Structure formats: C-alpha cells, structure tokens
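Working through the structure, step by step
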Amino acid sequence: MDGYNIFLMLLAVYIAGLVAIGWYFNKKQKSVTDFWLAGRRIGPSALGFSAAASWLTAGGILAVIGYYMLQGMGSIWAFVAPNILALLIIAMFVGKIKNLPAITQPELLEQRYGSAVRWPIALIITVVMILFAVADVTGLSLVLQVFYGIDPLYAAAIVAIAVSLYVTLGGLSAVVWTDVVQFAFLAIFTIAMAFAAVGAVADGGLNTPAISSSELFGNVPDVWWNPFSIGIPMVLIFVFAIIPGWITEQDPWQKVWAARDAKSARLGMILGSLMITVVFAACAIIAIALNNIYPDIAGMGFPAGMAQAEPALLAFVSERFASAPLLIALSAIGLAAASMSCTDTFATSGASCISRDIFQRYIKPDATMKEMLVVNRISVLIIVLAAVAGSFVIPNIIDAIHIATFIASASYFFPLMGGLYWKRATKEGAFAGMVVGFVVQVSLVAIDLIKTPPMEANYLETVHPALMSHGVIVGMGLSAIAFFGVSLMTKPSSRINLAPFFEEEADELARYETREISETDPSYSAFLKNVDEKVAGERAHLQLNLRASGALSWHELVEKLKSSSPAWVTPTGLDSIYRLTHGDMLACVTVTRGSEESDIWLKAEPRLETVGRQKKELFTAYEELKKVLGQKGVNLDFY
C-alpha cells in the first residue's frame, strides 16, 4: 500500500472518531446553551486543551518554524508571543467576561449599545473568522501538496467535509472535545519532530556532517537568541497591533462563557498558554536543527527565504522518512489535526454570528431551535467554503492571520472593551468606531496587497514606519478617535443597556417583586418536578420546557409579557425576553423559543446560594406566561 492510501485510511479512521464525538454530544443537547456554550460545563483541562488547539494551526506551526529559521527569537512578536500573552490577558478579564449574559459578542454589544451595532459586528466577526480559517486551509494544502502532490482544492475539500460533519452535529461541545484529541496529535507530532530533527543532525543524516546536540545549540549565533533583535519599535507595533485583536476574538470568549465557573475559565486559559509555549519551544528546536540541515535557506534572509522556510519541516519529513510511508502519513494526520482544530473553532464562532445574530435577530426572530440548527449547519459550510476560496487569494499563511487580526483590532477592540469598562460609551460612538476602523483597515490591507511586489517588504512599510503591519496602528487610532469622540458628543446609554455590565446600574433597575410562594403549594410542587436542574461550578442551571396547546405568535407573546409587567425586557431583540428582577442578569429568568413551533423554554443560571429564590422566580415567570397565553385560550404543558 502506498503512502497516500495509508494517509487516506488513517484520515478516515480519524474523522470517524471525530464524527462519533459530535454524534455523542448531539444526543445530549437540550437547550440553546447546550449547543452554543456546551451547557456551561467545561472544566479547566478541556478548556486549556481547546484554547491551545484553537490557536495552533498547521500553517501557523510551519510559518513559526520558518520565522525562527530566518529571524530567530526576534520573530516571536509576530505570532508566538501574542498567542501566549493574549491567553494570559484573557485569564485576567475572566471575572468580567464570565458573568455577562450572552452567547455571542454581537449579542453582548446589542445589550450594551442597542440593535444598531449588532449586525455590523456580526458581519465583521464572520469576515475575521473566515480569514483565520484561510490560514488553516492554506496550511493543510501545503502539507498535502509537499507530501503527496495533492491539488490544493482537494486538501481544502478534506477540511471542509471533516469539519462540517462533526461540528454541525455536536456544537461547541464537539469542538472542545475534538480539540483535546487534536491538540494531543499536534503536540506529539511537534515534539517528536524536534527529537527527529536534532537526531538527524547528531547522526549526520541527509548528507550533513554529524555534530553533537551541544555543538548544534552552541553554534547558534547570539543574535538568534535575542528577542529584541527586530528593534523595540517593531516589538511595540506587533504587541499593540496583534494582542488587542486576539484578546477580543470571539472564540476564546465563548469558551470562557462555556466554562463551568470563573475559576475553571481562568485556569483553562493559563493552561492553554502553557501548552502552546511548549509547542512553540519545540518549534524553536526544530528550526535550529533545520538551519543546520538546510543552511542555504537561512542565508536567503527575510522575507525572501520564507517561501523555502515555511515548508522546510515538510521537506525534512519527506526526505528523512522516505522509506517509512506510515510515519509520513502520521505526520500528515498530526498537521491535519492542527488545521481542523482551528477551522472548527472559527467555523463555529462565525456560524453563531450568522445564525443567531443575523438570521434569528433580524430575519426570523421566532425561529425554533430546530430551524436555528439547520441555519447554523449551512453557515458552517458557507464559512469553510469561503475560507477555501480565500486560500487562493491570500496564499501567505501568517499574512492571512495578521490581516484577520488587524481588521479585528481596528474594528471592534475599542467598542467592545470600552463598552465593558466605560459607562459613557454610546451606540453612536461604537458604530462610528467599528465602521471607521473596518473601512480604513480593509482599505489599507487592499492597498498593501495590490501594491506590494512578490517577496518584497509590504508597500506601506516603505511609505512610513508608522504604516507597518498593514497600517493597523493608523486604523486603530482612527477607530479610537471616532469611538471616544462621538461617544462624548452623543446622549449617554440608557440604564437598561448599562445593567448587564455595571452592577450598580442593574441594582437601580432591579425589581424585587417575586410574590410569596408556599413550599407546600401543590402547583409549585408539580412545577418543581419538571424543572431540570444541573450544577456547574458556582451556578445552577435551571431549565423548564413547556409546550403550548395551540397556535403561538411569538411576537404577540413577547409584547403581551412586556405589557403585563415592567420587569419583562428585551435588550437583545424579540428572540429572548428577560425578567429583570435583580442585578445578576445571568440569574434572571429568560424565555426563548424551543425546538418546535409550540415549544417555549424558560431558563435561569443563579448562583448556588440563591437557587431557592430563583426557583420561585422561575415559577412566577411561568405563572405570568401561563396567564398571558390563557387569555388567548392557549394552555401550557410540561414536557
């Protein structure tokens, strides 16, 4: 059996395992939270594996090795250090992020500013996720092209089919647990390659003179080890250009929301940072050995040598293990795992914006969970296919990642982080900051891509040093000016928009009006028997599934609930209605559409010490819902 058929056989087994994981979690989904946030039950270990896997793409690994070969430790600021630092910084923000009552960032920004900002940020995030996925498709295409001579289109098809199969089945739970498997494959592959590359040098393999490991590392020039060899200005530009985009990236926030508690989320992010540090350290060792095996590549310098440096590891594997097709196939599987682990995250994150923030919010607010899942599955396919198309336009792996990051940094860093910590931020300021940042940054990237000659420094860098990294500092600066300037010139946000983000505002708005309920009330006892209660960390998850006996007009139901009591509010549109009775909005009762046309779901996520009170609050909400529907002759049954 030739090497390519061995690879296909192993790939089929591997994908079957991933699909089995997706199918398993498909059977366990009973709510919106289960699908998009894994039921908020993810522990620190799984979260750490997923956080690490989501930011380690096959293309990224190959590019990092290439950068190490040509620029040494000075190259860490372009990809390595921002990855590590961003996860650590997100860990610092967990306390603020974790308790926000949202499933996506566009939903979060609508809560903060109003509906005007939700659709543009949803579109921007979708574009950013597609660009991130481009790097994954490009990386795997390079792997399979070098190993087996496969056309890039077929490599892209492998990613598209595999990811769409298991992600559309199991939602975020499938993404997280397949990430655990995929990171294990990638880490084992990278560490094994570090040993193999150093071993090849020590053995004098591939027509190189044999030298000891101590000689290998001792011969590395001092400048190679200097992390500031590219100059402090470049270090600062990379830090301020990349890290803001990565700490506000939607996918790690969704994983923070999916964690069972703040402690698990914080530990998971720190663990993920440590895991990718180990992999990047192995990449550095590989690069040192490859520079000894292929000295001509390092002599070409940066950026001219990147075309040879990026696939250098693949060339080494092909040459070193030419007589062992199984090892080459296993290497291909390890790198395919890296591509899939990133693509599934980006596809899931982008699809949630399309299905929840655009389709359900603006096109069909009364969409059932079943309809949402269909749209979500189609959205995953759209994002993967768009990434495939993009891989033929942006062939440079790291450039695709940087372009996505710079657009994110310029577009929504200030509206998002400003909204979390600055009360004076307004919807007009947020909209202006997003639009200005996005338009300016996309324009600067387009100019760079069009005017930069092949294998030359970016055009804008030759115009002025401040325009390095596709001019992202300019894009972010103009976005900041628009955001802060317009916010100060416009009317402050309403208290209902400030409530989820500032506890004192929520307390002012809250209405403690739950009526007295007797524990011995037969109707309350029957109600409790139908409440699904699960504990995850510091919170309980209460879910009540109801089925209406007659036709259900969701829009009419929402309006009648709002008119029945001022406690009912819709800060994110008609798809979700909150009973705002106290400052902790996650604990407040939320009513959403269920799986079928006649299904209604009530949920609340109170802290453990307030579960008793919130069960009564849930009962009160149920009684008010029953009363409103009873006026239309519609009864409610538990199911």
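**Structural notes on the packing of helix H20 (residues 427–451) against helix H22 (residues 468–489)**
Taken N-terminus to C-terminus, the directions of H20 and H22 make an angle of 165°; their axes are 7 Å apart at the nearest point. Classified by the angle between their axes, H20 and H22 sit roughly antiparallel to one another. Relative to H22, the crossing made by H20 is right-handed. When H20 is examined against H22, the residues Glu428, Gly429, Ala430, Ala432, Gly433, Val436, Gly437, Val440, Gln441, Leu444, Val445 and Asp448 are found in contact with a partner set consisting of His470, Gly471, Val472, Val474, Gly475, Leu478, Ser479, Ala482, Phe483, Val486 and Ser487. Here the residues of the contact of H20 with H22 sort into 12 nonpolar, nine polar and two charged.

**Comments concerning the environment of isoleucine 285**
Relative to the helices and strands, isoleucine 285 is located in helix H13 (residues 262–293). Assessed through its relative accessible area of 31%, isoleucine 285 is described here as partly exposed. Note: C-alpha distance between isoleucine 285 and alanine 194 (91 residues apart in sequence) is 5.8 Å. Excluding anything up to four places from it in sequence, isoleucine 285 contacts Ala194, Val198 and Phe217.

**Quick look at unusual backbone geometry**
In this structure, histidine 470 takes a positive phi of about 55° despite not being glycine. As for its position among the elements, histidine 470 is in helix H22. The buried category is assigned to histidine 470, whose relative accessible area is 2%.

**What to know about the pattern of salt bridges**
With the rule as written, the count across this model stands at 15 salt bridges. Between arginine 320 and aspartate 203 there is a salt bridge; the shortest N-O distance is 3.5 Å. Of this pair, arginine 320 sits in helix H16 (residues 312–320) while aspartate 203 sits in helix H8 (residues 152–203), placing them 117 residues apart in sequence. Residue arginine 320 is classed as partly exposed on the basis of its relative accessible area, which comes to 29%. Looking at aspartate 203, the relative accessible area reads 57%, which means it is exposed. In this structure, a network of salt bridges that share partners links the residues Glu110, Arg118, Asp357 and Arg361.

**Points about the nonpolar core**
One broad trend across soluble globular proteins is that nonpolar side chains are buried collectively. Tyr68, Leu144, Leu290, Leu313, Phe316 and Met340 are the most contacted members of the largest nonpolar core, which totals 181 residues. Looking at this core, the element that brings in the most residues is H8, giving 22 residues. When neighbours within four sequence positions are excluded, leucine 144 is seen to be in contact with Phe7, Gly149, Ile150, Ala155, Ile158 and Ala332. By size, the runner-up hydrophobic cluster in this structure holds 30 residues, among which are Leu552, Leu574, Val589 and Val634.

**Describing the confidence of the model for the protein chain**
Fine structural detail should not be taken from predicted coordinates in areas where pLDDT scores are low. Per-residue confidence for the protein chain averages 84 on the pLDDT scale, and 94% of its residues sit at or above 70. Least confident of the elements in the protein chain is helix H2 (residues 32–37), whose mean pLDDT is 68; most confident is H13, at 94.

**Overview of the environment of glycine 149**
Turning to its location among the elements, glycine 149 is positioned in the loop between helix H7 (118–148) and H8. Along the primary structure glycine 149 and tyrosine 4 are separated by 145 residues, whereas in three dimensions their C-alpha atoms are 9.5 Å apart.

**Observations concerning the pairing of strand S6 (residues 599–604)**
For S6, the tally of buried residues reaches six of six residues, placing the bulk of the element in the interior. Alternating positions in S6 separate into two faces, Asp599, Trp601 and Lys603 on one and Ile600, Leu602 and Ala604 on the other, with burial throughout. With six bridges connecting them, strand S2 (residues 539–548) and S6 associate as antiparallel partners. Note on S6: the bridge partner recorded for leucine 546 is isoleucine 600.

**Here we look at the packing of aromatic side chains**
Under the counting rule described, the total for this entry stands at 24 aromatic pairs. With 6.1 Å between their ring centres and 35° between their planes, tyrosine 68 and tryptophan 224 make a pair best called tilted. Note that tyrosine 68 is positioned in helix H4 (residues 58–71) and tryptophan 224 in helix H10 (residues 222–225), a separation of 156 residues in sequence. Overall, the relative accessible area of 2% leaves tyrosine 68 in the buried class. A relative accessible area of 8% means that tryptophan 224 is categorised as buried. Consider the rings of phenylalanine 147 and tyrosine 148, whose centres lie 6.2 Å apart with planes at 75°: the pair is edge-to-face. Pair check on accessibility: phenylalanine 147 and tyrosine 148 agree, each one buried. An aromatic cluster is built from Phe413, Phe414, Trp422, Phe483 and Phe484, whose rings are joined through pairwise contacts.

What counts as what
Residues numbered from 1 in each chain as written. Predicted model: local features only at pLDDT ≥ 70, side-chain atom pairs only at ≥ 80, totals over all residues. Heavy atoms only, no water. Axes fitted to C-alpha atoms, helices over the stretch in contact; angles between N-to-C directions. Helix = DSSP H or I, 4+ residues; strand = E, 2+ residues; numbered from the N terminus. Parallel < 35°, antiparallel > 145°, perpendicular 65-115°, else oblique. Left-handed = near helix turned anticlockwise from the far one by under 90°. Contact = heavy atoms within 4.5 Å. Nonpolar A, V, L, I, M, F, W, Y, C, P; charged D, E, K, R; others polar. Buried < 20%, exposed > 50% of the residue type's maximum accessible area, 1.4 Å probe, protein only. Salt bridge = Lys/Arg side-chain N within 4 Å of Asp/Glu carboxyl O. Core = buried A, V, L, I, M, F, W, Y, C linked by side-chain atoms within 4.5 Å. pLDDT = per-residue confidence, 0-100. Pairing = 2+ DSSP bridges. Phe/Tyr/Trp six-rings, centres within 6.5 Å; stacked < 30°, edge-to-face > 60°.

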